Amino acid sequence: MAQAHAQEPLFVAVTVDVDPDANRPQPGRADAVSPAGEARYDACFEGLGLLLNVLEGMGAPATFFWEARSLRRLTATRGDLAARVLGNASFEHGCHSHRHEDFAGKQTGLPLGPEETRGVLERAAEVFDSVLARAPQGFRAPYCRLTQELTDALAAFGYAYDASLTRQPGSHWRLRPFPLAASAGLWELALCRWRDRHGKPISSYLWQLCEGKRQVEDYVHVAASLRDANAGGLLQIALHPWHLVVSKDGGRLPAGHAGSPAARVEQVLAKAADIEGVKLTTAGAYLDRARTGTAAD
């Protein structure tokens, strides 16, 4: 892994988990469902359109982690959105499982063993091959629950990186990649847990912002406060498209005004990008840069 230099920027990647509306694990079944009882996509695809308006307007790169079921549904029912997101050269496309399986079985009661885990990745790979004609290089586990069986399978399938774990920066970790399976070249691009401007814990995900429970300045503070000590590192700003439309319980969020979730997300990204010493990138481009020492564009 190439060494970063003090003059390097803090890299920021927008990472997007594309999956069913307000999805949740269900006891006794491995996949996730929406509050209505089956997987729904109305809010996901509406939110995806809103997010694309933001990203396209800024000319910003992003990494999309696709639940394969959602990717197939998008291409089958919303060709307009599929063309916008899949045809944009500034976007990277990774995997978010097949049907948002809870690999650890923490809430489903059905932890997936080695064979079942490989089966999930195989089915997801079939969808990626049919839609994108290429294998994804990045992965994020549903609920960010990474198991040893999943790590082993990702390495065996040739993934370059995972982006599921969360760490707090400090002398032990400066937002840099670290190996999960070094012999297989599998790296971890961890999410960040930090402190907001009031000293309270804050995660990389924007759901609290979208639900009006946090302010734009809280997330801008994270990027600004981490910049100098973590030059050359990667800060991820993570979200779900459906969270621009509905809450985690499925209730409709305010829309169409300056305080809407989409407007708040746009403000976070624009203000973070304007911080001196911050550069937007994709997760995959960052990893390539970190491994080779070349620029992350």
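Residues numbered from 1 in each chain as written. Predicted model: local features only at pLDDT ≥ 70, side-chain atom pairs only at ≥ 80, totals over all residues. Heavy atoms only, no water.

Things to note about the overall build of the protein chain
Alright, step 1. In terms of regular secondary structure, the protein chain is built from nine helices and 15 strands.
Alright, step 2. Oriented by its inertia axes, the alpha-carbon framework of the protein chain measures out at about 50 × 50 × 35 Å.
Alright, step 3. Put simply, the protein chain has 297 residues, and 55% of those count as buried.
Alright, step 4. Taking the contacts inside the protein chain whose residues are at least 6 apart along the sequence as the reference set, 72% of them involve residues at least 24 apart.
Alright, step 5. Counting every atom, the protein chain has about 12200 Å² of accessible surface; 48% of that belongs to carbon and sulfur.
Alright, step 6. Distance between charge centres in the protein chain, computed from 32 positive and 34 negative side chains, equals 5 Å. (Helix = DSSP H or I, 4+ residues; strand = E, 2+ residues; numbered from the N terminus. Buried < 20%, exposed > 50% of the residue type's maximum accessible area, 1.4 Å probe, protein only. Contact = heavy atoms within 4.5 Å. Areas by Shrake-Rupley, 256 points an atom, 1.4 Å probe, with all protein chains shown as cover. Lys, Arg positive; Asp, Glu negative; His and termini not counted. Charge placed at Lys NZ, Arg CZ, Asp CG, Glu CD.)

Side note on the nonpolar core
Alright, step 1. F64, W66, F139, L235 and V265 are the most contacted members of the largest nonpolar core, which totals 74 residues.
Alright, step 2. Among the elements that line this core, the one with the most residues is helix 1 (residues 42-58), at eight residues.
Alright, step 3. Excluding its chain neighbours within four sequence positions, the residues that come into contact with L235 are L10, F11, V12, A13, L175, C192, V222, A223 and L226.
Alright, step 4. With 13 residues, the next largest nonpolar core counts F65, A163, A283 and L287 among its residues. (Core = buried A, V, L, I, M, F, W, Y, C linked by side-chain atoms within 4.5 Å.)

Some points on the pairing of strand 14 (residues 234-239)
Alright, step 1. Among the six residues in strand 14, six count as buried, and that is most of the element.
Alright, step 2. What you see with strand 14 is no split at all: L234, Q236 and A238 on one side and L235, I237 and L239 on the other are buried throughout.
Alright, step 3. Where strand 1 (residues 10-18) and strand 14 come together, six bridges link them in parallel fashion. For V16, the partnering residue across the bridge sits in strand 14 and is L239. (Pairing = 2+ DSSP bridges.)

What to know about the packing of aromatic side chains
Alright, step 1. Applying the stated criterion across every chain yields a total of seven aromatic pairs.
Alright, step 2. Their ring planes at 55° and their centres at 5.6 Å tell us that F11 and Y286 sit as a pair that is tilted. Here F11 is found in strand 1, whereas its partner Y286 is found in helix 9 (residues 283-292), with 275 residues between them in sequence. Side by side, F11 and Y286 carry an identical accessibility label, which is buried.
Alright, step 3. When the ring of F64 is compared with that of W66, the centres are 6.0 Å apart and the planes differ by 25°; the resulting orientation is stacked.
Alright, step 4. Assessed through its relative accessible area of 0%, F64 is described here as buried. (Phe/Tyr/Trp six-rings, centres within 6.5 Å; stacked < 30°, edge-to-face > 60°.)

Describing helix 4 (residues 114-132)
Residues separated by three or four positions in an α-helix point in the same direction, a consequence of the helix having 3.6 residues per turn.
Alright, step 1. Between its terminal C-alpha atoms helix 4 stretches 26 Å, which fits the 27 Å expected from 19 residues at 1.5 Å a residue.
Alright, step 2. Three or more residues of helix 4 are buried, namely T117, G119, V120, L121, A124, V127, F128 and L132.
Alright, step 3. Its buried side turned inward, helix 4 meets strand 4 (62-66), helix 2 (68-77), helix 3 (79-86), strand 5 (91-95), strand 6 (138-139) and helix 5 (148-156). (Expected span 1.5 Å × (residues − 1).)

Here's the deal with the pairing of strand 3 (residues 29-33)
Alright, step 1. Note that strand 2 (residues 24-26) and strand 3 share three bridges and pair antiparallel. Each residue of the ladder has a partner; that of P25, found in strand 3, is A32.
Alright, step 2. Linking strand 2 to strand 3, which pair antiparallel, is a turn of two residues; within it G28 sits at a positive phi near 90°.

Comments concerning unusual backbone geometry
Trans is the common state for peptide bonds, and a negative phi is the common state for residues other than glycine.
Alright, step 1. At A133, a residue that is not glycine, the phi angle is positive and equals roughly 60°.
Alright, step 2. With respect to the helices and strands, A133 occurs in the loop between helix 4 and strand 6.
Alright, step 3. In this structure A133 comes out as exposed when scored by relative accessible area, which is 61%.
Alright, step 4. With a phi close to 55°, C144 is a non-glycine residue in the positive phi region.
Alright, step 5. Positionally, C144 belongs in the loop between strand 6 and helix 5.
Alright, step 6. Exposure remark for C144: the relative accessible area of 22% places this residue in the partly exposed category.

Quick notes on the pattern of salt bridges
Alright, step 1. Throughout the structure, instances matching the rule amount to 20 salt bridges.
Alright, step 2. For R29, the salt bridge identified is with D31, shortest N-O distance 2.9 Å.
Alright, step 3. Here R29 falls in the partly exposed class, since its relative accessible area comes to 26%.
Alright, step 4. The partner of R197 in a salt bridge is D218, with the nearest N and O atoms 2.7 Å apart. Of this pair, R197 sits in the loop between strand 12 (194-195) and strand 13 (201-202) while D218 sits in helix 7 (residues 216-226), and the two are 21 residues apart along the sequence. (Salt bridge = Lys/Arg side-chain N within 4 Å of Asp/Glu carboxyl O.)

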